[in-house]
Amino acid sequence: MASGLPNNPLKRLTQRAEKLGFTRPYIVDLDRFGEQPGQHLQEAIAQGHHASMTWMEETALRRSHPKNLWPEAQSAVVLGMNYGPETDPMATLSQSERGTISVYARGRDYHDVMKGRLKELAGLLARDTDEDVKIFVDTAPLMEKPLAMAAGLGWQGKHTNLVSREFGSWLFIGSILSAAKLSPTPPELDHCGSCRACLDICPTDAFPSAYKLDARRCISYLTIEHDGPVEEELRTKMGNRIYGCDDCLAACPWNKFAQAGQEAKLAAREDLNAPNLVELSQLGENGFRAKFSGSPIKRIGWTRFLRNVLYAIGNSGQHELSALAQDYSHDERPVIRDAASWAISQLNK
């Protein structure tokens, strides 16, 4: 409980958080949150590991410490929401006629699911502490993973993602910054030890070293954030991954303690567990919008998604799919023409 605050706010917050599908709240005293995460960010930017995500450089100062984002903040409340898969997320990688979508994107957009619930919790905290609050779900310059480690929710593994002893790799993070001084929870330690499973499994060697990710080689970045053609050397390594990549997450041995997520709105849609590449390539703009309504996939747009599907077709090894690529070989969009041409050349080898 925070000293001097009424109504035991953390007890009430914990009870409500669990009913809303979150973990219990974990707390960071922001006066004790160090500068090291900000320094690591600056190093990554200096080395170009942020690729074309210029917003990381533009917001680096605000991102380096929560008080730079909101000077009145005294505490950070960090909560996780489990989205653990019911089946092996890598099972579809061998099904070359189908696409592989990252586990987190097979259901509803987690931003939409979490934001309203975090607002409710923040409102509860604000009433009980009589202090202002702000909520964050992965959309503002806040380093949520270092905060989560400082709060004790988990630790940043060698793949730079959060790992939990209870939930493995499968946690969404929500944060509430509060102007109230709350009693902190103990930070989590790094439990990776000598394990290299996440580093060694990466198809594109996107980790220059442990705890460092070069987005320029990361399939999640390439399929979601990168606009334009992907380097040919990396296309073949993408396989049938058409949105994101779970390899480094799925390889983590701590997943043996993970449980399948219980939040129904985040549950995987059956049609997104192993979607057929033929059907995806023929969606068209309107079909794409309709199929992925309410999904995070919709945000990348039809052109980028189709580019990914064409790369997967090129990697399928199934010559009969070349006709699908041929349909786009004279497309008005250069990135689609290029992807189609490459797919055809791959299938005709």
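The preceding data block contains the structure.
Note that this is a predicted model, so its numbers are computed, not measured. Going along each chain's sequence as written, the residues are numbered from 1 onward. pLDDT decides what is reported in this predicted model: residues at 70 or higher carry local features, side-chain atom pairs at 80 or more are listed and counted, and totals for whole chains, interfaces and linings draw on all residues regardless. Side-chain measures were taken over the full set of non-hydrogen atoms in the model, leaving aside hydrogen atoms and water.

### Brief notes about the environment of Ile 336
Then, number 1: Within the secondary structure, Ile 336 is located in helix H17 (residues 334–347).
Then, number 2: When a residue's accessible area, from a 1.4 Å probe over protein chains only, is under 20% of the maximum for its type it is buried; when over 50% it is exposed; and in between it is partly exposed. Residue Ile 336 is classed as buried on the basis of its relative accessible area of 0%.
Then, number 3: Sequence-wise, Ile 336 and Tyr 311 are 25 residues apart; in three dimensions their C-alpha atoms are separated by 9.9 Å.
Then, number 4: Discounting residues that sit within four places of it in the chain, Ile 336 has contacts with Thr 303, Leu 306, Arg 307, Leu 310, Tyr 328 and Asp 331. Strands are runs of DSSP state E lasting at least two residues, helices are runs of H or I lasting at least four, and both sets are numbered from the N terminus onward. Contacts are residue-level and defined by heavy atoms, with any inter-residue pair within 4.5 Å sufficient.

### With respect to the nonpolar core
Then, number 1: Phe 22, Phe 305 and Leu 310 are the most contacted members of the largest nonpolar core, which has 77 residues in total.
Then, number 2: Excluding residues within four positions of it along the chain, Phe 22 makes contact with Ala 17, Leu 79, Gly 80, Met 81, Met 114, Arg 117, Leu 118 and Leu 121. For the purposes of this section, nonpolar cores are sets of buried Ala, Val, Leu, Ile, Met, Phe, Trp, Tyr and Cys residues that join through side-chain atoms within 4.5 Å.

### Overview of the pairing of strand S7 (residues 171–178)
Then, number 1: Across the 8 residues that make up S7, a large majority, 8, are buried.
Then, number 2: With burial as the criterion, each face of S7 is covered, one bearing Leu 171, Ile 173, Ser 175 and Leu 177 and the other bearing Phe 172, Gly 174, Ile 176 and Ser 178.
Then, number 3: Should DSSP find at least two bridges between two strands, the strands are taken to pair. Relative to S7, strand S2 (residues 75–82) runs antiparallel, the two being bridged by 8 bridges. What sits directly across from Gly 80, in S7, is Ile 173.
Then, number 4: Across 4 bridges, the pairing between strand S4 (residues 133–136) and S7 is antiparallel. Following the sheet pairing, Phe 136 is matched in S7 by Ser 175.

### Concerning the environment of Leu 162
Then, number 1: Tracing the backbone through its elements, the reader meets Leu 162 in strand S6 (residues 162–163).
Then, number 2: On the basis of relative accessible area, Leu 162 is assigned to the buried category, the value being 6%.
Then, number 3: Once the C-alpha coordinates of Leu 162 and Cys 252 are considered, the two residues, 90 residues apart in sequence, prove to be 11 Å apart.
Then, number 4: The residues contacting Leu 162, other than those within four sequence positions of it, are Lys 145, Ala 148, Met 149, Leu 153, Gly 154, Trp 155, Gln 156, Gly 168, Ser 169, Leu 171 and Ile 173.

### Re a negative patch on the surface
Then, number 1: Each patch groups residues whose relative accessible area exceeds 30% and which form no salt bridge, using 9 Å between like charges and 5 Å between nonpolar side chains of Val, Leu, Ile, Met, Phe, Trp and Tyr. What sets the accessible areas is the Shrake-Rupley method with a 1.4 Å probe; for residues, cover comes only from the shown protein chains. Counted as salt bridges are all cases of a side-chain nitrogen of Lys or Arg within 4 Å of a carboxyl oxygen of Asp or Glu. Asp and Glu are treated as the negative residues and Lys and Arg as the positive ones, with His and the ends of the chain left uncounted. Taken as the charge location is NZ of Lys, CZ of Arg, CG of Asp or CD of Glu. Together, Glu 72, Asp 130, Glu 131 and Asp 132 make up a region of like negative charge exposed at the surface.
Then, number 2: Assignment of secondary structure puts Asp 132 in the loop between helix H6 (110–129) and S4.

### Here we look at the sheet that holds S4
Then, number 1: What the 4 strands build is an open sheet, ordered S1-S2-S7-S4; its pairing is antiparallel. Each having just a single partner strand, strand S1 (26–29) and S4 make up the two edges of the open sheet. The sheet shows a mean angle of 20 degrees between the axes of neighbouring strands, taken without regard to direction.
Then, number 2: Lying on the sheet, helix H7 (residues 144–151) is in contact with S1, S2, S4 and S7; it crosses S1 at an angle near 100 degrees. Think of each axis as a best-fit line through the C-alpha atoms, taken over the contacting stretch in the case of a helix, with angles from 0 to 180 degrees between the N-to-C directions.

### Here we look at the packing of aromatic side chains
Then, number 1: Centres within 6.5 Å are what make two rings of Phe, Tyr or Trp a pair, Trp counting through its six-membered ring; a difference in plane orientation under 30 degrees is then read as stacked, over 60 as edge-to-face, and the rest as tilted. On inspection of all chains with the given rule, the structure shows 13 aromatic pairs.
Then, number 2: Geometrically, the ring pair formed by Trp 254 and Phe 257 is tilted, given 5.7 Å between the ring centres and 40 degrees between the ring planes.
Then, number 3: Grouping aromatic residues by their ring pairs yields a cluster made of Tyr 83, Tyr 104, Tyr 110, Trp 170, Phe 172 and Tyr 243.
Then, number 4: In our convention, an over-ring charge means Lys NZ or Arg CZ found within 6 Å of a ring centre and within 35 degrees of that ring's normal. We note Arg 24 situated over the ring of Tyr 26; from NZ or CZ to the ring centre the distance is 4.2 Å.
Then, number 5: Note that Lys 134 overlies the ring of Trp 70, its terminal NZ or CZ placed 5.1 Å from the centroid.

### Brief notes about the packing of helix H1 (residues 9–19) against H6
Then, number 1: It is the contact of H1 with H6, at a shortest axis distance of 10 Å, that shows an interaxial angle of 165 degrees. Judged on the interaxial angle alone, H6 and H1 are roughly antiparallel. In this structure, H1 crosses over H6, and the sense of that crossing is right-handed. Counting all contacts with H1, which are made through Pro 9, Arg 12, Leu 13, Arg 16 and Ala 17, the residues of H6 involved are Glu 120, Leu 121, Leu 124, Leu 125, Asp 128 and Thr 129.
Then, number 2: Amino acids are sorted into nonpolar (Ala, Val, Leu, Ile, Met, Phe, Trp, Tyr, Cys and Pro), charged (Asp, Glu, Lys and Arg) and polar (every other residue, Gly among them). Residue classes in the contact of H1 with H6 are distributed as 6 nonpolar, 1 polar and 4 charged. Throughout, the term roughly parallel applies to angles under 35 degrees, roughly antiparallel to angles over 145, roughly perpendicular to angles from 65 to 115, and oblique to all others. Crossings are assigned a handedness: left-handed for a near helix turned anticlockwise from the far helix by less than a right angle, right-handed for a clockwise turn.

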